[in-house]
Amino acid sequence: MKNPIKLTRLFLLLIFLTSCKSITINEDLIKDSEDQNSKQINITKSKMEVRYSCGEDGIKEFLNDGWIISEEYTEEKICTWKSFPATKDCDMEKDKGCKITTPDKIGDEKVYILEK
């Protein structure tokens, strides 16, 4: 009975430890013409996702900092909501059950995936 529990804990610990890795590319080699020594360059890439919705846009700040847009797409998003009473005698402040909320303005949300 104890062996399966220990194996399960060990398995979950291994999954947790191996799931977090940084992206490294070790393919580029530079050769010195004088010494004929090989040096390996480690390049780490950072990725970030930025979302702007309902007419906002601040991507220029990131582009000026050296980020490059690797992927861009848009999604439909509700910008504002509108509430109104369900009946004529409904008091929305006292009785929250009679308030109906519907989308008021629908806009686009731009999603940028940036690399540095």
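Above this text sits the structure in question.
Residues numbered from 1 in each chain as written. Predicted model: local features only at pLDDT ≥ 70, side-chain atom pairs only at ≥ 80, totals over all residues. Heavy atoms only, no water.

A.B. asks: Honestly, the nonpolar core in this entry has me stumped. Any pointers?
C.D. replies: Buried together is how nonpolar side chains tend to be arranged in soluble globular proteins. With six residues, the main nonpolar core is built from Val50, Tyr52, Ile59, Trp67, Tyr112 and Leu114. Taken together, the elements giving at least two residues each to this core come down to β5 (47-53) and β7 (99-115). Residue contacts for Trp67: discarding those within four places in its chain leaves Ser46, Met48, Phe62, Leu114, Glu115 and Lys116. (Core = buried A, V, L, I, M, F, W, Y, C linked by side-chain atoms within 4.5 Å. Buried < 20%, exposed > 50% of the residue type's maximum accessible area, 1.4 Å probe, protein only. Helix = DSSP H or I, 4+ residues; strand = E, 2+ residues; numbered from the N terminus. Contact = heavy atoms within 4.5 Å.)

A.B. asks: Just to check I follow, could you spell out the sheet that holds β5 for this structure?
C.D. replies: Each strand in a sheet pairs with another by means of backbone hydrogen bonds, the pair being arranged parallel or else antiparallel. Spatially, three strands are ordered β5-β7-β6 in an open sheet, and the strand pairing comes out antiparallel. At either margin of the open sheet sits one strand with a lone partner, and together these are β5 and β6 (68-85). The mean inter-strand angle of the sheet, taken between neighbouring strand axes irrespective of direction, is 25 degrees. (Pairing = 2+ DSSP bridges. Axes fitted to C-alpha atoms, helices over the stretch in contact; angles between N-to-C directions.)

A.B. asks: How do you make sense of the packing of aromatic side chains when you look at a structure like this?
C.D. replies: How two aromatic rings sit relative to each other is set out by the distance from centre to centre and by the angle between their planes. Taken as a whole and judged by the stated rule, the model has one aromatic pair. Seen in terms of ring centroids, Tyr52 and Tyr112 are 6.3 Å apart; in terms of plane orientation they differ by 65 degrees. Their pairing is edge-to-face. With a gap of 60 residues between them, Tyr52 in strand β5 and Tyr112 in strand β7 connect regions that are remote in the sequence. The class for Tyr52 is buried, based on a relative accessible area of 13%. Residue Tyr112 is classed as buried on the basis of its relative accessible area, which comes to 4%. (Phe/Tyr/Trp six-rings, centres within 6.5 Å; stacked < 30°, edge-to-face > 60°.)

A.B. asks: Help me understand a nonpolar patch on the surface in this model?
C.D. replies: A surface patch of nonpolar side chains, amounting to about 630 Å² of accessible area, comprises Leu7, Leu10, Leu13, Leu14, Phe16 and Leu17. Checked against the element boundaries, Leu17 lands in helix α1 (residues 2-19). Residue Leu17 is classed as exposed on the basis of its relative accessible area, which comes to 54%. (Patch = residues over 30% accessible without salt bridge, like charges linked within 9 Å, V, L, I, M, F, W, Y side chains within 5 Å. Areas by Shrake-Rupley, 256 points an atom, 1.4 Å probe, with all protein chains shown as cover. Salt bridge = Lys/Arg side-chain N within 4 Å of Asp/Glu carboxyl O.)

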